[in-house]
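A look at the structure
One letter stands for each residue in the lines below.
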Amino acid sequence: MPQFSSKLLLDGLAAPSRANGFWEDDLPLFTDEQQQSDATLKILTFKVSRNPKNLLAHLRRIYFCYQNHLSEPLYASLLDLLITLNGKGQAFCQRLVHGSRSRLDPAQLSTLKNAIPYPQQASANRYSLFTPGILGRPQLIEIRQQDQIRHDFLALANDFIEYSQLEEAMTILERGLGVDPTREDLQFALLELYKSTKSRDRFRNQYQSLQDAGARLVTDWQLLGDYFDGNTI
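Below you will find a few notes about this structure. On a predicted model such as this, the values are computed, not experimentally measured, just so you know.

1. A few points about helix α9 (residues 184-197)
For α9, built from 14 residues, the straight-helix expectation of 20 Å at 1.5 Å per residue is met to within 8% by its first-to-last C-alpha distance of 20 Å. Restricting attention to buried positions, one finds in α9 the residues L186, Q187, A189, L190, L191, L193 and Y194. Those residues of α9 that are buried lie in contact with α7 (153-162), α8 (166-179), α10 (200-212) and α11 (220-228). K198 sits one or two residues past α9 and shows a positive phi near 55 degrees.

Here you go:
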């Protein structure tokens, strides 16, 4: 597990450099500052929802909100971490909350302090990913994560495609077809990715899996199979 500075989020701390591994290279870059901020927060939040147990993803999201004076998203980011940790690492959580105090209003700060041992009692806001009340039941966090992914697989895949994360996009679409193999929009999007990335083996595995499940497939599956066999589409 990554090691973190004990001074993380203390007021006045300089922003972590991208060169030190705290940030990732796939964060978006825009010339418009508001567009940059919105897009970055969206990606950081999605990374937490995709893997709630990834502490580094939580810290990136928290620090970004802190650095950009985003009070409501910061509150939600801290609360999501507290819910995920489920009462563990209380000294660490106290330092994070205390270090974030200058970006929180008094009510938010008080709520988070009380939520460190008992996060199920805290009130969520519109930026929160995990609903309070799931303390001691981490499997429900994973279920909630799956529900969010099921909500719109195509939109999530498009987010990954936008930042050239094609492997992740294919994984999301494959998962979506596992839930609902009748969705032709997912089939077409996945086939396009298979072709553009020349993922012949991955295509064949998914094709066989869907056939074995008795799924109704669009004709482009056969066409792409012919393409990978050396014929033209």
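On we go.
2. Here's the deal with the pattern of salt bridges
Inspection of every chain in the model, using the stated rule, returns 5 salt bridges. In this structure, R61 engages D80 in a salt bridge whose closest nitrogen and oxygen atoms are separated by 2.8 Å. Of this pair, R61 sits in helix α2 (residues 55-67) while D80 is found in helix α3 (residues 71-85), placing the two residues 19 residues apart along the sequence. Two residues, E174 and R202, come together in a salt bridge whose shortest N-O distance is 2.8 Å. Here E174 is found in helix α8, whereas its partner R202 is found in helix α10, with 28 residues between them in sequence.

3. Description of the packing of α3 against helix α4 (residues 90-99)
At a minimum axis distance of 11 Å, the contact between α3 and α4 shows a crossing angle of 175 degrees. Viewed along their axes, α3 and α4 adopt a mutual orientation that is roughly antiparallel. In contact with L78, L81, L82 and L85 of α3, α4 contributes F92, C93 and L96. Residue classes in the contact of α3 with α4 are distributed as 7 nonpolar, no polar and no charged.

Each value, and the rule that gives it
- Residues numbered from 1 in each chain as written.
- Predicted model: local features only at pLDDT ≥ 70, side-chain atom pairs only at ≥ 80, totals over all residues.
- Heavy atoms only, no water.
- Helix = DSSP H or I, 4+ residues; strand = E, 2+ residues; numbered from the N terminus.
- Expected span 1.5 Å × (residues − 1).
- Buried < 20%, exposed > 50% of the residue type's maximum accessible area, 1.4 Å probe, protein only.
- Contact = heavy atoms within 4.5 Å.
- Salt bridge = Lys/Arg side-chain N within 4 Å of Asp/Glu carboxyl O.
- Axes fitted to C-alpha atoms, helices over the stretch in contact; angles between N-to-C directions.
- Parallel < 35°, antiparallel > 145°, perpendicular 65-115°, else oblique.
- Nonpolar A, V, L, I, M, F, W, Y, C, P; charged D, E, K, R; others polar.

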